[in-house]
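Analysis of the macromolecular model
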Amino acid sequence: MKKVVEISHAIAEVVSKVGPKVIAAYPITPQTHIVERLSELVANGELDAEYLNVESEHSAMSATMGAQACGVRAYTATASQGLALMHEVLSVVAGERLPVVIHVANRTLSAPLTIWNDWSDSFPERDNGWLQFYAENGQDVVDTTIMAYRIAENHNVLLPVMINIDGFILSHVYEPIDMPDTKDVKDFVGEYNPIVKLDVNDVHTIGEYATPDNFQEFKEEQWNAMMAAKDVIKSVTAEFKEKFGRDHGDGLVETYNLDGAKHAIITMGSIVGTFKHFIDQEVDDVGIIKIRSFRPFPREELIELTKGLESVGVFEKVISLGLGGPLAHEVRSVVKTPVMSFVGGLSGRDVTLNDVSHIFDKIREKKSGFEWIGSKLK
Amino acid sequence: MDRVKIEVMHMNERYEKLLFKPGHTACAGCPIPIIVRTVLNTLGKNTIVAFGTSCLEIISSQYPYNAWGVPAMHSAFENTAAIASGIEAAQKKLGNKVNVVAFAGDGGTFDIGLQALSGMVDRGHNVLYVVYDNESYANTGIQRSSATPFGAWTTTSPVGKKIHGNKTFKKPLALMMAAQGAKYVATASISNLPDFKRKVQRAAEIEGPKFIHVLNPCPTGWKFDSSLTVDVAKLSVETGLWVLFEIDHGKFRITYKPKEFKPVRDYLMLQRRFKHLTDEEINKIQERVKEDWSMYEGLEGVKI
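What you are looking at is a predicted structure, and each value in this text was computed from that prediction instead of being measured. Residue positions are given per chain, counted from 1 along the sequence in the order it is written. Each chain gets a letter, beginning with A, and each ligand a number, beginning with 1, in the order they are written. Local features in this predicted model are restricted to residues whose pLDDT is 70 or higher, and side-chain atom pairs enter the listing and the counts only when it is 80 or higher, whereas totals over whole chains, interfaces and linings include all residues. Computation of side-chain values covers all heavy atoms of the structure but excludes hydrogens and water.

1. Focus: the pairing of strand S7 (residues 244-248) of chain B
Residue and element names in this part refer to chain B.
- Between buried and exposed lies partly exposed: a residue is buried under 20% and exposed over 50% of the maximum accessible area for its type, with that area taken using a 1.4 Å probe on protein chains only. Think of it this way: any DSSP run of H or I at least four residues long counts as a helix, any run of E at least two long counts as a strand, and we number them from the N terminus. Of all five residues in S7, five are buried, a share of seventy percent or more.
- Both faces of S7 are covered, namely the face carrying Leu244, Glu246 and Asp248 and the face carrying Phe245 and Ile247.
- At least two bridges found by DSSP between two strands are what make those strands a pair. Bridging between strand S5 (residues 184-189) and S7 involves three bridges; their strand directions are antiparallel. Paired with Tyr184 across the two strands is Asp248, which belongs to S7.
- As paired strands, S7 and strand S8 (residues 251-256) are joined by five bridges and run antiparallel to one another. Paired with Glu246 across the bridge in S8 is Arg253.
- If you look at the hairpin formed by S7 and S8, you'll find two residues sitting between the two strands, and His249 has a positive phi there, around 50 degrees.

Written as structure tokens, this is what we have:
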């Protein structure tokens, strides 16, 4: 049965159903409602976990990884500057193959200081060995969270997962959400069963240092795990559909109105809803390719889906200064059709239906190029 | 059995007992293994270690080699106390009664790791944090830290025409930890192992955050002969420069007082990092020892 809940609270609820034993968090807007609710659940005895009020995001990620290394699930959430402060530890978590699952309520990186949404916090973390999912709406983030544990903890993967939700646009919005029963969630995610943990009866060292003679193989193994994750994502997503009845494409990408379309817009996150709304009103020649899994990047899937299209556009809420739209460049590296790159909606600026109309018109011109959407600069 | 076989058996037995194994790659004369071994062999096998990026990381765990006889985890430089916090929280949830120990150097503790350490003490984690203090960023090539003593040469407090080595005195971290409410705080020396072991034992009996600060004479960084490590440690205590005390639930007690203080010059002149010091500078250090002891003796029996 669907209930109208704030998405941040839904995240706290679904995480609580999975049941982390340690939560270590530091407050930052717009992540706060997630961790506030988790601390309430712990305070009320509804979630049997240690809640650590750590003194920074660096320590949040560190305490989380220390706990996870003991063979329990551990959790944190953050945004923006907080994720940037975690940066150093993020790559260590991935390198030490700890399948931590976190949420990021995407918010712009300063400066200027701002609290609203774009992806300038999570994009700089794309190369450090974390799987990155981007959620479209509340139901998507709940479902992705349940799947994330299965994917991360799979012994062929053993990599951490970052689930990105657009700050405020999703984190603070109330939405009707079908929240699975605790038993169903627990049955689906199963027990956490690490290969190595800190255990006085089975002595291991986690976190050795490597030399040029052996470092590269560690990265190659992470690469192999990231590639293996694609199949795991597909199979877990299929199993999820069977169990819970909700469809999330193949788990890597989802399409909308793509059958028979001449063009496609490729994007991620909550803005997909705006594009869908516009298409529903008056468009039949443009479809949507929604990237759910930014890492691992759906390379083969994009090649396949764009075959036969006359042109595509990429809309993204992030700019790589000195290069252009980073997602567009990744798409260009794999698809053969002309790719028009659109950057807009930075730090929470509305992307209107007029903007969408303009974007679609530009895609129909079948050109490669770059354009700011909604710029006020003359 | 022939003698060789007996020797090998004896060595294997000894190897099994040591919780920080031989074969680590510490410099000749480095006291880090003595410190780690003293702590771990006092606590026993029921111990999990978090250790920071430091000399200890480099000497203990170069893949695929390993010197740890207990479960150990390394993450980064400044987060040892936070890693230990997470380990302790998880062990508590698992219902395991284990010792959680954090090891880090002075750079990773006095400077970049201070915030995480303060957080760990604030939250009251049941962790024994041991800082081995070689008074510099030794691993990166002997740069100055806030534990570097007054006058010492380091590669970033060089002896120039205008500036004569390090300009500041050591940060009083043990007192800071006591002021913050760590349940047990102590200083220790590798020249007084009974005192050191007793302090580790006492720390193990206490629930809550514990902090032991061990001076770690570093032949490489302090520029003394590697056969003199224990002598240098001993002189640091006998000159009064390194004060052995404990603060048990806030109650301060000096645990060793030299019968007769040796002049600081005896300690300083063994180490080439101090060889440039003028009489005036040495006198300043000697005066500081007097001031420190006056303060510490004033604290005797006081609840901090």
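2. Concerning the interface of chain B and chain A
- Contacts are assigned to residue pairs with any non-hydrogen atoms lying within 4.5 Å of each other. The partner chain A presents 38 residues to the 42 residues of chain B that form the contact.
- Once two parts are put together, the accessible area they lose, assessed with a 1.4 Å probe and summed over both, is termed the buried area. Of the roughly 3,000 Å² buried where chain B meets chain A, counting both sides, 61% is carbon and sulfur surface.
- Considering only the side of chain B, the residues that lose the most area to chain A are B:Tyr63, B:Met73 and B:Lys93, jointly responsible for 21% of the buried surface there.
- For this analysis, a salt bridge means a side-chain nitrogen from Lys or Arg found within 4 Å of a carboxyl oxygen belonging to Asp or Glu. In this assembly, chain B and chain A are joined by three salt bridges.
- When the shortest N-O distance is used, the salt bridge between A:Glu55 and B:Arg123 registers 2.9 Å.

3. Quick notes on the domain arrangement of chain A
Residues and elements named next belong to chain A.
- Split by domain assignment, chain A resolves into domain 1 (2-244) and domain 2 (254-372).
- Annotation comment: domain bounds sourced from an automatic or database domain assignment. Computed from C-alpha coordinates alone, the two centres of domain 1 and domain 2 are separated by 27 Å.
- Every contact between the two is made by 28 residues of domain 1 and, on the other side, 31 residues of domain 2.
- At the boundary of domain 1 with domain 2, total buried surface from both sides reaches about 2,300 Å², with 55% on carbon and sulfur atoms.
- For the pair domain 1 and domain 2, the interface holds 10 salt bridges.
- For the salt bridge of Glu301 with Lys234, the shortest nitrogen-to-oxygen distance reads 2.9 Å.
- What qualifies as a polar contact is a pair of N or O atoms within 3.5 Å, subject to a donor-acceptor requirement within protein and to the restriction that residues adjacent in sequence count only when both atoms come from side chains. Remark: the boundary between domain 1 and domain 2 carries 21 residue pairs in polar contact (both at pLDDT 80 or more).
- Elements supplying a minimum of two residues to the side of domain 1 that touches domain 2: strand S6 (131-134), helix H5 (138-153) and helix H7 (215-244).
- Per element, the largest residue contribution to the side of domain 1 that touches domain 2 is five residues, and it comes from H7.
- Each residue gets one label: Ala, Val, Leu, Ile, Met, Phe, Trp, Tyr, Cys and Pro are nonpolar, Asp, Glu, Lys and Arg are charged, and the others, such as Gly, are polar. Tallied by class, the residues present in the side of domain 1 that touches domain 2 amount to 14 nonpolar, six polar and eight charged.

4. Brief notes about helix H11 (residues 353-364) of chain A
Residues and elements named next belong to chain A.
- Helices are assigned an expected span. That span is 1.5 Å times one less than the residue count. Over its 12 residues, H11 runs 17 Å from end to end, which matches the ideal 16 Å to within 8%, given 1.5 Å per residue.
- Packing partners of the buried residues in H11 comprise strand S11 (263-267), helix H8 (271-282), strand S12 (286-291), strand S14 (311-316) and strand S15 (339-343).
- Lys366 occupies a position one or two residues after H11 and carries a positive phi of about 55 degrees.

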